[in-house]
Amino acid sequence: MMTAEYEITRAFDVPRELVYEAWTEPRRFSHWFGPRIFATPVDRIVLDARPGGIWRATMVGEEGFEMTLNGVYREVAAPERLVFTTGDPDNPGDGPASVVTLTLWEQDGATVMLFHQYGVNTDQEHAEQAKAGWSEFFDRMAEHLASS
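Basis of the calculations
- Residues numbered from 1 in each chain as written.
- Predicted model: local features only at pLDDT ≥ 70, side-chain atom pairs only at ≥ 80, totals over all residues.
- Heavy atoms only, no water.
- Core = buried A, V, L, I, M, F, W, Y, C linked by side-chain atoms within 4.5 Å.
- Buried < 20%, exposed > 50% of the residue type's maximum accessible area, 1.4 Å probe, protein only.
- Helix = DSSP H or I, 4+ residues; strand = E, 2+ residues; numbered from the N terminus.
- Contact = heavy atoms within 4.5 Å.
- Salt bridge = Lys/Arg side-chain N within 4 Å of Asp/Glu carboxyl O.

Chemist: Residue-level account of the nonpolar core, with values.
Modeler: Ranked by internal contacts, the top residues of the largest apolar core, which has 32 residues, are Trp 23, Trp 32, Trp 134, Phe 138 and Met 141. When residues in this core are grouped by element, the largest group, six residues, is from helix H3 (residues 124-146). Phe 138 has contacts with Ile 8, Arg 10, Phe 12, Trp 23, Trp 32, Met 113 and Phe 115, leaving out every residue within four places of it along the chain.

Chemist: Before we move on, can you summarise the pattern of salt bridges with the specific residues and values?
Modeler: Applying the stated criterion to the full structure yields seven salt bridges. The residue Arg 28 makes a salt bridge to Glu 21 at a minimum N-O spacing of 3.0 Å. Since its relative accessible area comes to 9%, Arg 28 is described here as buried. Residue class for Glu 21 comes out partly exposed when judged on its relative accessible area of 27%. Residue Arg 74 pairs with Asp 90 through a salt bridge whose shortest N-O separation is 3.0 Å. With a gap of 16 residues between them, Arg 74 in strand E4 (residues 66-77) and Asp 90 in the loop between strand E5 (81-86) and strand E6 (97-107) connect regions that are remote in the sequence. The partly exposed category is assigned to Arg 74, whose relative accessible area is 35%. The exposed category is assigned to Asp 90, whose relative accessible area is 63%.

This is the structure we're talking about:
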């Protein structure tokens, strides 16, 4: 089985609790999750942020195109840590799946977010595409947090 992993570190000029809420409150999550060409309507988001709880987000594009991402929370420690899956990394079948570990800490009045993704049934090329996608999402998160 092919695996790949990468990290993204971002700093946000807001308290850690706000960054954590961006990941766990559907109203905030809808503002940044997904590429700019998609909308992620708040009524198409489930964020049951507790160990074993599910998350699901449906991105809606032009002409009714939809794409749903989902997984399960493994660890929830507000406001400093979230661990969740995309897909089912324990039983992925043929599709890609991953474990995301999100760590938040305060530093010099800002919040630093370390995003680590470990993928299965994937390769480095796919990981680079995923990293670029998440980077765009986090640009949108920064814009949302700056205006909140």
